[in-house]
Amino acid sequence: MAKYIEIGKQIKAQIMRGEYTSDVPLPDQVSLAKMFKTSRVTIQKALDLLINEGLIYSKQGSGTYVKQNINLLSKFDATVDQYVGTTELMRGHTVTSEVIDYDVRLPEAKEQENLNLAIADAVYDFVRLRIVDGTPWKIEPSNMPVKVVPGLNKGVLHPSIYHYMHEELGETIGAAYRIIRAAQPNAYDRRYLDAVSDTPMLEVEQIVSLADGTPFEYSFTRNRYDKGSIVVYHPERPML
């Protein structure tokens, strides 16, 4: 991961924890460069990322500030391009997982297509219940190729898969393609998320790839309507 991206993520985490507020400017670029032991150019690129996300803005002659409406970016919401994983997204909260189902099998036709697999390429097929601060939060049915994510056993599934991929496999997460839709509750939703027949569900179907473009995850995330949402932010653009 590029250093400016990592620094941007760290500053964003500080903002979301309330360490920086809209009342006072962020430390200047020279100070931030010293804090992160990097150059001003790298700091500027990191801040540009956060400006594009709508978290901060620059005020000429005064400094860089956190936007006053930062409370709208709830820690329980995900931006439409968010693909860092639940544990990272919910940093500051206790995130645990219950592995409901786990299997290794040959891929079905749609999994072959979405994960770019041959018919003999085995996949993990698992369902996790993600629990945040002791509250059941969402159901995650997922498929991952064994050849891309080796060693994905139940011990890895309980904490964070993305952390395992980054720290143990040395992989960098790239882009995500998502389809967001409303859905009716299924058997998992009724059993684990306390949904009833008319409870609206938010379903996100996604394919996530590594930095080199290799698809490694085909999954469905299901939330109750009152347990999270998807935030779409359109940054300001000058009128042409």
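Residues numbered from 1 in each chain as written. Predicted model: local features only at pLDDT ≥ 70, side-chain atom pairs only at ≥ 80, totals over all residues. Heavy atoms only, no water.

1. Things to note about the side chain of Asn114
Residue placement: Asn114 occurs in helix H5 (residues 109-115). Residue contacts for Asn114: discarding those within four places in its chain leaves Ile207, Pro215 and Tyr218. (Helix = DSSP H or I, 4+ residues; strand = E, 2+ residues; numbered from the N terminus. Contact = heavy atoms within 4.5 Å.)

2. Describing the sheet that holds strand S5 (residues 123-132)
Reading across from one edge, S4-S5-S6-S9-S8-S7 is the order of the 6 strands in this open sheet, with antiparallel pairing throughout. Taken across any chain shown, the strands that pair with only one partner, and hence form the sheet edges, are strand S4 (95-105) and strand S7 (173-183). Neighbour-to-neighbour, the strand axes of the sheet open up by a mean angle of 15 degrees, direction not taken into account. One ladder, built from 9 bridges, connects S7 with strand S8 (residues 201-210); its direction is antiparallel. From the neighbouring strand, Arg181 faces S8, where its bridge partner is Glu203. (Pairing = 2+ DSSP bridges. Axes fitted to C-alpha atoms, helices over the stretch in contact; angles between N-to-C directions.)

3. Considering helix H2 (residues 29-36)
Those residues of H2 not exposed but buried are Gln29, Leu32, Ala33 and Phe36. Looking down the long axis of H2, one finds its buried residues gathered within 105 degrees of arc, a one-sided arrangement. Where the residues of H2 are buried, they touch helix H1 (3-16) and helix H3 (40-53). Where H2 begins, one side-chain oxygen reaches toward the backbone nitrogen of Val30, 3.1 Å away; that side chain belongs to Asp28. (Buried < 20%, exposed > 50% of the residue type's maximum accessible area, 1.4 Å probe, protein only. Arc of directions from axis to C-beta. Polar contact = N/O pair within 3.5 Å; in protein donor to acceptor, adjacent residues only side chain to side chain.)

4. Section: the packing of aromatic side chains
The full count for this structure, using the stated rule, is 5 aromatic pairs. Taking 6.0 Å as the distance between ring centres and 25 degrees as the angle between the ring planes, the aromatic pair formed by Tyr57 and Tyr65 counts as stacked. On the basis of relative accessible area, Tyr57 is assigned to the partly exposed category, the value being 30%. Since its relative accessible area comes to 11%, Tyr65 is described here as buried. With 5.4 Å between their ring centres and 65 degrees between their planes, Tyr218 and Phe220 make a pair best called edge-to-face. Using a relative accessible area of 5% as the deciding quantity, one classes Tyr218 as buried. Here the basic side chain of Lys59 rests over the ring of Tyr65, its NZ or CZ set 5.9 Å away from the ring centre. (Phe/Tyr/Trp six-rings, centres within 6.5 Å; stacked < 30°, edge-to-face > 60°. Lys NZ or Arg CZ within 6 Å of the ring centre and 35° of its normal.)

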